[in-house]
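Structural characterization, general
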Amino acid sequence: MDGLAEQRPGAAPATQIDKGDSTMAVALPRREDVPTKHTWNLESIFPTVDDWRAALKEVEGAIPTLTAYQGHLGDSPEKLRDWFNDYQKYFVRMGQTFVYSSMLSDVDTGNQDAIALRDQARGMMARLMAAISFAEPELLALPQEKIEQFMQQEPELRRYEHYFRVLRTREGHVRSPEVEAVLAMVSDPLDLFRATHGVLADAEIDYGKVQTSEGELQVAGGTLETLLHDPDIEVRRQAWEQYADGYLRYK
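Residues numbered from 1 in each chain as written. Predicted model: local features only at pLDDT ≥ 70, side-chain atom pairs only at ≥ 80, totals over all residues. Heavy atoms only, no water.

1. Considering the overall build of the protein
Formally: Helix and strand assignments follow DSSP, with helices taken as H or I runs no shorter than four residues and strands as E runs no shorter than two, numbered in order from the N terminus. Relative accessibility thresholds used throughout: buried, under 20% of the residue-type maximum; exposed, over 50%; partly exposed, between the two (1.4 Å probe, protein chains only). Using a 1.4 Å probe, the Shrake-Rupley method yields the accessible areas, and only the shown protein chains count as cover for residues.
Counting its secondary structure elements, the protein contains twelve helices and four strands. For the protein, buried positions account for 37% of its 251 residues. Accessible area of the protein: about 14,400 Å², with a carbon and sulfur share of 52%.

2. Structural notes on the packing of aromatic side chains
To keep things clear, this is the line we draw: We call Phe, Tyr and Trp rings a pair once their centres come within 6.5 Å, taking the six-membered ring for Trp, and we label the pair stacked below 30 degrees between planes, edge-to-face above 60, and tilted otherwise.
Inspection of the entire model under this criterion finds twelve aromatic pairs. Among the aromatic residues, those joined into a cluster by ring pairs are Tyr69, Trp83, Tyr87, Phe91 and Phe134.

3. Focus on helix α12 (residues 233-248)
Note the cut-off: Helices are assigned an expected span. That span is 1.5 Å times one less than the residue count. Working rule for contacts: check all heavy atoms of both residues, and any pair within 4.5 Å makes them a contact. In the analysis that follows, any N or O atom pair within 3.5 Å is treated as a polar contact, provided that within protein one partner can donate a hydrogen and the other can accept it, and provided that, for residues neighboring in sequence, both atoms belong to side chains.
For α12, built from 16 residues, the straight-helix expectation of 22 Å at 1.5 Å per residue is met to within 8% by its first-to-last C-alpha distance of 22 Å. Where α12 is buried, its residues touch β3 (209-212) and α11 (224-227). At the N-terminal boundary of α12, the capping side chain belongs to Asp232, with an oxygen 2.8 Å from the backbone nitrogen of Glu234.

4. A closer look at the pairing of strand β4 (residues 215-218)
One face of the sheet, then the other: side chains in a regular strand alternate in exactly this way. Basically, it comes down to this: Note: two strands are recorded as paired if DSSP finds a minimum of 2 bridges between them.
For β3 and β4, the ladder comprises four bridges, and the chain directions are antiparallel. Bridged to Lys209 within β4 is Gln218. Linking two consecutive strands that pair antiparallel, namely β3 and β4, is a turn of two residues.

5. Digging into the pattern of salt bridges
For clarity, the threshold we go by: The salt bridge definition used is simple: a Lys or Arg side-chain nitrogen within 4 Å of an Asp or Glu carboxyl oxygen.
All chains considered together, the criterion is met by ten salt bridges. Arg93 serves as the salt-bridge partner of Glu58, at 3.2 Å between the closest nitrogen and oxygen. You can see Glu58 sitting in helix α2 (residues 49-67) and its partner Arg93 sitting in helix α3 (residues 77-107), a full 35 residues away along the chain. Overall, Glu58 belongs to the partly exposed group, its relative accessible area being 33%. Arg93 gets classed as partly exposed once you look at its relative accessible area, which sits at 25%.

6. Concerning the nonpolar core
What counts here: For our purposes a nonpolar core is just a set of buried Ala, Val, Leu, Ile, Met, Phe, Trp, Tyr and Cys residues, chained together by side-chain atoms within 4.5 Å.
Ranked by internal contacts, the top residues of the largest apolar core, which has 39 residues, are Leu73, Leu80, Trp83, Phe84 and Met94. At the level of secondary structure, the elements contributing two or more residues to this core comprise α2, α3, α4 (112-131), α5 (135-141), α6 (144-153) and α7 (161-169). Element by element, the count of residues in this core is highest for α2, at eight residues. The contact partners of Leu73, leaving out residues within four places of it in the chain, are Leu80, Trp83, Phe134, Ala135, Glu138, Leu139, Leu142 and Phe150. Counting residues in hydrophobic clusters, the runner-up holds eleven residues, among them Ile205, Leu217, Val219 and Leu224.

7. Section: the packing of α2 against α4
Defined as follows: Helix axes use the C-alpha atoms of the stretch in contact, all axes being lines fitted to C-alpha atoms, and the angles between their N-to-C directions lie in the range 0 to 180 degrees. Here the angle decides the label: under 35 degrees means roughly parallel, over 145 means roughly antiparallel, 65 to 115 means roughly perpendicular, and every other value means oblique. Helix crossings get a hand from a simple test, with the near helix turned counterclockwise from the far one by less than a right angle marking a left-handed crossing and a clockwise turn marking a right-handed one. In this classification, the charged set is Asp, Glu, Lys and Arg, the nonpolar set is Ala, Val, Leu, Ile, Met, Phe, Trp, Tyr, Cys and Pro, and all remaining amino acids, among them Gly, are polar.
At their nearest, the axes of α2 and α4 sit 10 Å apart, and the two run at 15 degrees to each other. Taken together, the axis directions place α2 and α4 in an arrangement best described as roughly parallel. Remark: the crossing between α2 and α4 carries left-handed chirality. Listed contacts from α4 to Val49, Trp52, Leu56, Val59, Glu60, Ile63, Leu66 and Thr67 of α2 are Leu117, Gln120, Ala121, Met124, Arg127, Leu128 and Ala131. Here the residues of the contact of α2 with α4 are counted per class, giving eleven nonpolar, two polar and two charged.

Here it is in structure tokens:
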């Protein structure tokens, strides 16, 4: 894991050769060979993986604070204001940990350490969403007149006026807190299928190479668009067939 903290994560774009108004990708460089200016600056979110872990722990520790609001959102305008403040504070923090770990794993979908961090963040996101799933059913149970009164009594709540209006349109579609909690929790295991496909498509399948006028180019998700716009129809055909055949080998 120490190596993760030292890396500057980022996507590895294909090396480009200028051709007038367009560019032609001719190679897929290794991550360490990509110029820093072309990489994601994840250090702007968390300087190190240890900082990321601390933030995730912070979100975990905030769950009891958020669940303590259950059954009390209609107590007073001040209580509702405090709920929104705490919810946004920790949801933004959760978003930062989620984006960092997701982009880190996207750099190399075969990096098991990075994937482990991503999965931890996804699991925590599911826990957080399940913990706060009571909020919308509880807000919908409040009479609209009471919401209007709260906004008059507490000016900070007026910034959520549009949210309250949109939420009211979902009345009849939002389920009970218990059902909403289950729906939130299953988001993590159900995402396994998409995550598995990502590893298969981006790390496991070798689609081969295609000979272009600029040289040999590896067929991959990051180069397919370029290859399918090549002036040579044979290049386009080979690229498409090799990409499709890569999947067919796993049929």
